Amino acid sequence: MRRPLILAFLLCALSGPALASADDEEILSLKGYQPAGLQLGELGAAGAKCGLDAASLQGAVVRAMNEVGVKGWEGGRDGLYVDILVEPIAGGRFLIGAAGLLPEESEAAVRVRPFCLGSTEVTNQDFAAFVAATGYRTQAEQPLPQEQFPELSAAERRPGSVVFRLPSPGEPLEELSWWQWVPGADWRHPEGPGSSIDDRLDHPVVQVSLADAEAYAAWAGADLPSEAQWEFAARGVLLDRAFSWGDRWRPGLANTWQGEFPVSNTADDGFTGTAPVGSFPPNGYGLQDMTGNVWEWTVDWYRPGHGRLAGQDDPVLADPAASSDPREPGVAKHVIKGGSFLCAPNYCSRYRPAAREAESPDTGTSHIGFRLVSPALTTHA
Ligand SMILES: [Ca+2]
Ligand SMILES: [Ca+2]
C-alpha cells in the first residue's frame, strides 16, 4: 500500500498554548499571512511528533510550494503561506458545546489528548490518488441495495446522490426542497452528469459517505476525527468564543453563503459553491476551512447534547444504539461539523465550532467532505 504524502499535511499536537485574550483575535485571524519562510527545523521537530518522516515532510514542502506557485495569494494576502504544513495543536480540557443557544449543543467538560489534524479538507486530487491506487468505488457509484430498498424499482435504485439545487424564482419553498436526488451524482460529478471536478482538483471532495471517508482514511494510514477533537481544533486557541476567530461573525473569513438562503447567493466571498481548500485565513492552530466550505464527517454518532461525554478523556459516542435525531426518530446518524458554503445567517448558521448537524452515514451530499486525524494521537499522547 502506498503511504501518501497526505500525512505530511497533518498538524501536530505538541504543547499547550495559553488562551488568547480578545486583543489577540485580530492577530489570530491573520495568522499565517506572513512573508515566505520555511522553518524546516521546526517542521521536522513537529513532524516527528506526528510520526512524519523526513521524506514525507520534504514531499509536503514541494507540494505546498507548487500549490503556492500555481495559486499565489492575492487581495491583501501578501506573501506565501507555507506554514500550513505542520502546526502545534494542544490537547486539553474544554467545554464541548455551547450554553444557551441550541439544546443540541448543551455543554459538557471533556479532555482531548494531543493529536494531529489535517490542515485542510481532503481534496478531489487526494481522493483521486486513493481511487487510482485501490480501485475503490464510493457508495454513490453503486446501486442502492435491493434488500435495503425492496420497494424501489431497479431504475429508482440507480447510483446517485443528493445535490443542492437553487430554487427557481417564485418557486414555493418547502423545507429541504432544495435537496434533490440526482442519478449519476458522485464525487467525480458532484452535481450529477455534466458536472465534473476537472477544474476543482484542489477543492474538497464531496459526495462521499462516512464509509467512503473511512476507507480513504484507512488507506492514508489515518482516521477520522472525533467530534471533540474536531471541535477543540476548530476553536483555534479561543476556547470560549463563538467563532474560531472571536465572538463576532465576520463575513469573508470563511466560505459560507451571503444573501437570502436558499434563493439568493451573492457570493461576496468569491465562491457560490466549494472553494479550493485553504482559500480563507487559518484559525489559531493554522487550520483552514474549519468554518464553512464543506461540512466534515466525524466518528461520533449523533444525539442532542453532550451529556454522555461529560468528564471523559478523548470522548466518542461510539454506540449507534445511542444515536437519536428528534427530527427523524429511529434513524441513527453521525455528527458532521463546521457548516458549509450553504450556511447563511438566515438559515443553518452552523459555522460555529460548537454547532453540529446530524447526517445519515450512508448519505453523501454536495456539501459534505472530511479531513484526517493522525493515529499519532494515540501512540504519542
Ligand atoms: Ca461562498
Ligand atoms: Ca469545513
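Residues numbered from 1 in each chain as written. Chains lettered and ligands numbered in written order. Predicted model: local features only at pLDDT ≥ 70, side-chain atom pairs only at ≥ 80, totals over all residues.

1. Brief notes about the overall build of the protein
Then, number 1: A count of helical and extended segments in the protein gives 7 helices and 10 strands.
Then, number 2: When the 381 residues of the protein are sorted by exposure, 45% land in the buried category.
Then, number 3: When contacts within the protein are restricted to residue pairs at least 6 apart in sequence, those whose partners lie at least 24 apart make up 75%. (Helix = DSSP H or I, 4+ residues; strand = E, 2+ residues; numbered from the N terminus. Buried ≥ 20, exposed ≤ 12 C-beta atoms within 10 Å, placed from the backbone. Contact = placed C-beta atoms within 7 Å.)

2. A closer look at the sheet that holds strand S9 (residues 356-359)
Then, number 1: Ordered by their spatial adjacency, 4 strands build an open sheet running S9-S8-S7-S10, and the pairing between neighbours is mixed. Sheet topology places S9 and strand S10 (368-369) at the edges, where each strand pairs with a single neighbour.
Then, number 2: The pairing of strand S8 (residues 334-337) with S9 spans 4 bridges and is classified as antiparallel. Bridge pairing links Lys-337 to Arg-356 in S9.
Then, number 3: The strands touched by helix H6 (residues 227-235) within the sheet are strand S7 (295-301), S8 and S9, with S8 carrying the most contacts at an inclination of about 10°. (Pairing = 2+ DSSP bridges. Axes fitted to C-alpha atoms, helices over the stretch in contact; angles between N-to-C directions.)

3. What about unusual backbone geometry?
Then, number 1: The residue after Phe-261, namely Pro-262, is reached through a cis peptide bond having omega 0°.
Then, number 2: Locating Pro-262 in the fold gives a position in the loop between H6 and S7.
Then, number 3: Positive phi values are uncommon outside glycine, yet Ala-267 reaches one of about 50°.
Then, number 4: Its place among the elements puts Ala-267 in the loop between H6 and S7.

4. Section: helix H5 (residues 210-219)
Then, number 1: Among the residues making up H5, those that are buried are Leu-210, Asp-212, Ala-213, Tyr-216 and Ala-217. Taken down its axis, H5 places every buried residue within 160° of arc, on the same side.
Then, number 2: Each element contacted by the buried residues of H5 is listed here: helix H4 (124-134), S7 and S8.
Then, number 3: One or two positions beyond H5, positive phi appears at Gly-221, with a value near 75°. (Arc of directions from axis to C-beta.)

5. Describing the nonpolar core
Then, number 1: Judged by nonpolar contacts, the single largest core of 49 residues is most densely connected at Ala-213, Tyr-216, Ala-217, Leu-224, Ala-233, Trp-297 and Val-373.
Then, number 2: Mapped onto this core, the elements with two or more residues apiece are strand S3 (108-112), H4, H5, H6, S7 and S8.
Then, number 3: The biggest single contributor to this core is H6, with 5 residues.
Then, number 4: Ignoring anything within four residues of it in the chain, the contact list for Val-373 reads Phe-115, Cys-116, Leu-117, Ala-222, Asp-223, Leu-224, Pro-225 and Gln-229.
Then, number 5: Listed in part, the 9 residues of the second largest apolar core include Phe-341, Leu-342, Cys-343 and Ala-355. (Core = buried A, V, L, I, M, F, W, Y, C linked by C-beta atoms within 7 Å.)

6. Side note on the environment of Val-162
Then, number 1: Mapped onto the elements of the fold, Val-162 is located in strand S5 (residues 160-164).
Then, number 2: Here the alpha-carbon distance between Val-162 and Glu-191, two residues 29 residues apart in the chain, equals 8.3 Å.
Then, number 3: Contact partners of Val-162, with chain neighbours within four places excluded, come to Trp-179, Trp-181, Thr-363 and Thr-365.

7. Side note on the confidence of the model for the protein
Then, number 1: Chain-level pLDDT for the protein is 79 on average; 75% of the residues reach the 70-or-more range.
Then, number 2: Segment residues 1-43 is flagged for pLDDT under 50; beyond a separation of four residues in sequence, or across chains, it makes 112 contacts in the model.
Then, number 3: Confidence drops under a pLDDT of 50 for residues 375-381, and excluding neighbours within four residues, the segment shows 13 contacts in the predicted structure. (pLDDT = per-residue confidence, 0-100.)

8. Overview of the environment of Pro-251
Then, number 1: Examined against the element boundaries, Pro-251 turns out to sit in the loop between H6 and S7.
Then, number 2: Considered as a pair, Pro-251 and Asp-268 are 17 residues apart in the sequence and their alpha carbons are 8.4 Å apart.

9. Thoughts on H6
Then, number 1: Judged by how many residues are buried, H6 sits mostly within the fold: 9 of 9 residues are covered.
Then, number 2: Every buried residue belonging to H6 is among Glu-227, Ala-228, Gln-229, Trp-230, Glu-231, Phe-232, Ala-233, Ala-234 and Arg-235, and all of these are buried.
Then, number 3: Buried residues along H6 sit against strand S2 (92-96), S3, strand S4 (117-118), S7, S8 and S9.

10. Brief notes about the environment of His-203
Then, number 1: Within the secondary structure, His-203 sits in the loop between strand S6 (179-183) and H5.
Then, number 2: Residues His-203 and Pro-276, spaced 73 residues apart in sequence, show a C-alpha to C-alpha distance of 4.1 Å.
Then, number 3: Those residues in contact with His-203, other than ones at most four positions away along the chain, are Thr-123, Asn-124, Thr-274, Ala-275, Pro-276 and Val-277.

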